[in-house]
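The chain contents come next:
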Amino acid sequence: MFSSSVSSCRNYKCSKKDSCLRYATDNIKSETYLVLTEEECNKNKSYINKDEYYKKMILNTINENPKDDLNKKYLLELCYSLLEISKQYGLNNELTNKIKLLEH
């Protein structure tokens, strides 16, 4: 689930392909989504660092409180999918604690 939720630059000529994800924000709908072209990213100046993105995603997951049982199940599944990558950012213990909390 996690790996399919993000896209990184696939254009090998992209100057930022090793250090960023591409995203854009729709201020009207308050949605953030990944865009597919480098041109669009340059136009919107919408590059972010991969490490910052992943760390923020993990921290947001840890801090999120489920609204109902369905949301709790989704959040638990998301936590499990982030476990491996959380080790890189020293957030494995916090994420494991969140899983324990959600399982009870």
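Structural notes, computed from the coordinates.

Conventions adopted
Residues numbered from 1 in each chain as written. Predicted model: local features only at pLDDT ≥ 70, side-chain atom pairs only at ≥ 80, totals over all residues. Heavy atoms only, no water. Phe/Tyr/Trp six-rings, centres within 6.5 Å; stacked < 30°, edge-to-face > 60°. Buried < 20%, exposed > 50% of the residue type's maximum accessible area, 1.4 Å probe, protein only. Axes fitted to C-alpha atoms, helices over the stretch in contact; angles between N-to-C directions. Helix = DSSP H or I, 4+ residues; strand = E, 2+ residues; numbered from the N terminus. Left-handed = near helix turned anticlockwise from the far one by under 90°. Contact = heavy atoms within 4.5 Å. Expected span 1.5 Å × (residues − 1). Arc of directions from axis to C-beta. Parallel < 35°, antiparallel > 145°, perpendicular 65-115°, else oblique. Nonpolar A, V, L, I, M, F, W, Y, C, P; charged D, E, K, R; others polar.

1. Points about the packing of aromatic side chains
With the rule as written, the count across this model stands at one aromatic pair. Measuring from ring centre to ring centre gives 6.0 Å for Tyr-53 and Tyr-54, while their planes differ by 70°; the resulting arrangement is edge-to-face. Among the residues examined, Tyr-53 registers a relative accessible area of 22% and is labelled partly exposed. Given a relative accessible area of 15%, Tyr-54 falls into the buried group.

2. Examining the packing of helix α2 (residues 50-63) against helix α4 (residues 92-103)
One way to put it is that α2 packs onto α4 with a least axis distance of 9 Å and a crossing angle of 30°. Here α2 runs over α4; the crossing is left-handed. Residue-level inspection shows Thr-61, Ile-62 and Asn-63 of α2 in contact with α4, the latter providing Glu-94, Leu-95 and Lys-98.

3. Some remarks on α2
For α2, with 14 residues, the first-to-last C-alpha span of 20 Å sits near the 20 Å given by 1.5 Å per residue. By the burial criterion, the buried members of α2 are Tyr-54, Met-57, Ile-58, Thr-61 and Ile-62. For α2, the angular spread of buried residues about the axis comes to 135°, placing them on one side. Exposed residues pointing more than 90 degrees away from the buried face of α2 are listed as Glu-52, Lys-56 and Asn-63. On its buried side, α2 packs onto α3 (69-86) and α4.

4. Quick notes on α4
Taking 1.5 Å as the rise per residue, α4 with 12 residues should run 16 Å; its terminal C-alpha atoms sit 16 Å apart, in good agreement. Next to the buried residues of α4 lie α2 and α3.

5. Things to note about the environment of Cys-79
With respect to the secondary-structure elements, Cys-79 resides in helix α3. We classify Cys-79 as buried; its relative accessible area is 0%. It is 7.0 Å that separates the C-alpha atoms of Cys-79 and Thr-61, two residues lying 18 residues apart in sequence. Residues within four places of Cys-79 in sequence aside, it is in contact with Thr-61, Leu-95, Lys-98, Ile-99 and Leu-102.

6. Notes on the packing of α2 against α3
Contact geometry of α2 with α3 gives a least axis separation of 10 Å together with a crossing angle of 140°. Considered as vectors, α2 and α3 are oriented oblique to each other. When you trace α2 past α3, the crossing you get is left-handed. Only Leu-75, Leu-78, Cys-79, Leu-82, Ile-85 and Ser-86 of α3 make contact with α2, whose side of the interface consists of Tyr-54, Met-57, Ile-58 and Thr-61. Counted by class, the contact of α2 with α3 contains eight nonpolar, two polar and no charged residues.

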